[in-house]
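Residues per chain are reported as follows:
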Amino acid sequence: MSETGQAAPLLSVRNLRTHFHTRSGTAKAVDGVDITLARGEILGLVGESGSGKSISGFSIMGLVDPPGRVVGGRIEFDGRDLLGLSDAEWRRLRGNEIAMIFQDPSMTLNPVLRVDTQMVETVLAHADVGREEALRRAREALVMVGIPSPDERLRAYPFELSGGMRQRVAIAIALINDPRLVIADEPTTALDVSIQGQIIHEMKKLCRRKGTALIWVTHDLAVVAGLADRIAVMYAGRVVEFGPTADIIRRPLHPYTGGLIASVPSRATRGRRLHQIPGMTPSLSDLDGGCAFRTRCERASAACAVAPEESVPEPGRTFRCWHPLGGRA
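Residues numbered from 1 in each chain as written. Predicted model: local features only at pLDDT ≥ 70, side-chain atom pairs only at ≥ 80, totals over all residues. Heavy atoms only, no water.

*Asks:* An account of the pattern of salt bridges is needed here, citing residue identities and associated values.
*Replies:* A full pass over the atoms with the stated rule returns 21 salt bridges. When the shortest N-O distance is used, the salt bridge between arginine 208 and aspartate 229 registers 3.0 Å. Taken together, the positions of arginine 208 in helix H7 (residues 193–210) and aspartate 229 in the loop between helix H8 (221–225) and strand E9 (230–235) put the pair 21 residues apart, joining distant regions of the chain. As a salt-bridge pair, glutamate 314 and arginine 251 come within 3.2 Å of each other at their nearest N and O atoms. Of this pair, glutamate 314 sits in strand E11 (residues 311–314) while arginine 251 sits in the loop between helix H9 (245–250) and helix H10 (255–262), placing them 63 residues apart in sequence. For glutamate 314, a relative accessible area of 24% gives the class partly exposed. Arginine 251 gets classed as partly exposed once you look at its relative accessible area, which sits at 29%. (Salt bridge = Lys/Arg side-chain N within 4 Å of Asp/Glu carboxyl O. Helix = DSSP H or I, 4+ residues; strand = E, 2+ residues; numbered from the N terminus. Buried < 20%, exposed > 50% of the residue type's maximum accessible area, 1.4 Å probe, protein only.)

*Asks:* I'd love a proper account of the pairing of strand E10 (residues 238–244), names of residues and values included.
*Replies:* The element E10 is largely enclosed, with a buried count of five among its seven residues. Both E9 and E10 contribute to a ladder of six bridges, which runs antiparallel. Counterpart to methionine 234 in the pairing with E10 is valine 239. Between E9 and E10, which pair antiparallel and follow one another directly, the connecting turn spans two residues, one of which, alanine 236, has a positive phi of 50°. (Pairing = 2+ DSSP bridges.)

*Asks:* Would you mind going over helix H3 (residues 115–124) in detail, with residue names and values included?
*Replies:* With seven of 10 residues buried, H3 lies mostly within the body of the structure. Within the span of H3, buried status applies to Val115, Asp116, Gln118, Met119, Val120, Thr122 and Val123. At its buried positions, H3 is contacted by helix H4 (131–144), helix H5 (150–154) and helix H6 (163–175). (Contact = heavy atoms within 4.5 Å.)

Have a look at this one:
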């Protein structure tokens, strides 16, 4: 417990900055991100491609490769500073206490090893159990993610499975050791709608049953609307709005969040042209210090040439905008 009597967060990210140093300049992929996550909580990390949401996840996992580098901030997992871990300490932590589900299953699966070999090795690397117990856990994990005939799939090689099946195997591997934190980087993009719904349902049950915390990285607000407890909306490397899911969906404050919500098709928009946010995301190596969204925002003014500070309109809600929706300055 903290001094205030509240349980300490499982994950605390403060002023995280991850930059990519290239010949054309420094791209500030993550530029001062703050995230806290309680045990069993589900956070939706939402934004367009290039917003920095995936790099935030890679930074937490210690998976940023050169020319990228975490240049500042602090990442604490259960009170432990992750930025100071050695390679050996990371090997003990990854796949055991913290796991990541990648958008591309080829980043998880070895194409020349059978599925059972890869899943059993994942268990044996972190648990003092026999092969039969590891195989039983592998079979249960495949069933949990909706794979039929699990014994047959265990004997298969990844190239013998469909793309959607490989992704489900990758999800099962991430969950097999019951990690305390899972970072899911758009893991259901390649799956059909029915399987996507099943995976999301199972992930939500896992979090509630075992107290697993989950960061679900996505561009799709419709997915996290029924999954996440809170949402962090990212744009150009920064969190521009943060708060409880229901509050953000019903009453967005940042114009970018409002644009994302308006872009989601619904029954009310049937037969009408969908809303589109004009323009493109700016180059992360060419940001000038003002509000990065102002060139696409119909509410922009001269004040937006200066980056807005974080505003807290009510407990648990934050946003960065000079001209928020609803006039809440």
